[in-house]
Amino acid sequence: MMSQKRALVLGASQGIGEAVAKQFAIDGYDVCLFSRSEDKLKQVVSSLEGHGHNYIADDISKPESWVSKLEAEHKRSPFSIVVLNTGGPKGGPISKAESSEFLNGMQNHLVANALITKIVLEDMKKQSWGRILTITSTSVKMPIPHLGVSNTVRAAVASWGKTLSLELAPFGITVNNVMPGFTQTPRLESLIRAKADLENKSYVSVEREWMDKVPMKRFARPEETASLVSFLCSEQSDYITGQSIAVDGGRIGAL
């Protein structure tokens, strides 16, 4: 594997991305955090164990701004691990979505993922080791009502990752997809609030309805997803690639 463990984590200023960054720091990786909010990124970096961590504060929807920054970071110290984690598109019925919503969703997820992968790939191939991991949603397996654009984009990302895993397997580079279920993050809070407003219900009643859909009758903690990410990015997972694995408390009904 690569002699230096350096990880890039997108969406690392809060939620699952922040939990992944903290777990990677515990695992001994140097972590570069990528998100829009510089203030939040500074706070997360200051909370990480160890040294050698830094961040890129930029908007994933503006590759003309961040690509050069990421190329410089990778040239300075190559990434052996990349966690592609971008906040999902806004909710709403797919039949009412504007074409711009689909285009923006694909740009911020699928296209951005491909751009980032191109930046890091040659060095991973030279070292015959690397980890590329996407964080999507259980909607890849079971579309979630009123998240039409997100369902579509997440499925496209999962298909991209599966295809990429076939191409990169001979180089010792694994590509996997983690599918969080209902997880205690700002994203989930905003979705519950929107649902409550739409149906003229209280936040607590919608929250309870959603918890009741989960066999474990609770939402996940971000750290529970981070634990799986940590394993899939470790040397112990060398023979696992092309997989989509849920962290959903058993909510997906299919085998």
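Here we summarise the structure given alongside this text. (Residues numbered from 1 in each chain as written. Predicted model: local features only at pLDDT ≥ 70, side-chain atom pairs only at ≥ 80, totals over all residues. Heavy atoms only, no water.)

## Concerning the pairing of strand β2 (residues 30–35)
The element β2 is extensively covered by neighbouring structure, given that five of its six residues are classed as buried. A crossover connection joins strand β1 (residues 6–10) to the parallel β2 through helix α1 (residues 15–27); in handedness this β-α-β unit is right-handed. Where β2 meets strand β3 (residues 54–57), four bridges bridge the pair, whose relative direction is parallel. Residue pairing in the sheet places S35 in a bridge with A57 of β3. Crossover β2 to β3 through helix α2 (residues 38–47) is right-handed. (Buried < 20%, exposed > 50% of the residue type's maximum accessible area, 1.4 Å probe, protein only. Helix = DSSP H or I, 4+ residues; strand = E, 2+ residues; numbered from the N terminus. Right-handed = clockwise from strand over helix to strand, strands pointing away. Pairing = 2+ DSSP bridges.)

## Side note on the packing of α1 against helix α8 (residues 222–232)
Closest axis-to-axis distance for the α1/α8 pair is 8 Å, and the angle between their directions is 50 degrees. Classified by the angle between their axes, α1 and α8 sit oblique to one another. Regarding α1 and α8, the two cross each other, and that crossing is right-handed. When α1 is examined against α8, the residues G15, I16, A19, V20, Q23, F24 and D27 are found in contact with a partner set consisting of P222, E223, T225, A226, V229 and S230. (Axes fitted to C-alpha atoms, helices over the stretch in contact; angles between N-to-C directions. Parallel < 35°, antiparallel > 145°, perpendicular 65-115°, else oblique. Left-handed = near helix turned anticlockwise from the far one by under 90°. Contact = heavy atoms within 4.5 Å.)

## What about the pattern of salt bridges?
Close approach of charged atoms allows side chains with opposite charge to pair. Applying the stated rule across the entire model yields 12 salt bridges. Note that R208 and D212 form a salt bridge whose closest N and O atoms lie 3.4 Å from each other. A residue pair is termed a helical-turn pair when its members lie 3 or 4 positions apart in one helix, as R208 and D212 do in helix α7 (residues 203–212) at four residues. For R208, a relative accessible area of 38% puts it in the partly exposed group. With a shortest N-O distance of 3.9 Å, R221 and E223 are connected by a salt bridge. Accessibility expressed as a relative area gives 41% for R221, which makes it partly exposed. Owing to a relative accessible area of 43%, E223 belongs among the partly exposed residues under this scheme. Salt bridges sharing partners connect three or more residues here, namely K195, E199, K201 and E209. (Salt bridge = Lys/Arg side-chain N within 4 Å of Asp/Glu carboxyl O.)

## Some points on unusual backbone geometry
In this model, N200 sits at a positive phi of 55 degrees, which is unusual for a non-glycine residue. Within the element layout of this structure, N200 appears in the loop between α6 (186–199) and α7. Of note, K217 is a non-glycine position whose phi angle comes to about 60 degrees, a positive value. Tracing the chain through its elements places K217 in the loop between α7 and α8.

## Focus on the sheet that holds strand β5 (residues 130–135)
Taken together, seven strands build an open sheet; the order of strands is β3-β2-β1-β4-β5-β6-β7 and the sheet is parallel. Each of the sheet's edge strands pairs with one partner strand only, and the pair in question is β3 and β7 (244–247). Neighbouring strand axes in the sheet, compared pairwise and without regard to direction, differ in orientation by 20 degrees on average. By the bridge criterion, four bridges tie strand β4 (residues 81–84) to β5 in an arrangement that is parallel. Considered in β5, the bridge of V82 is made with I132. The sheet strands contacting α2 are β2 and β3, and the helix crosses β3 at an angle near 170 degrees. Each of β1, β4, β5 and β6 (173–180) touches helix α4 (residues 99–127); the most contacted strand, β4, lies at about 165 degrees to it.

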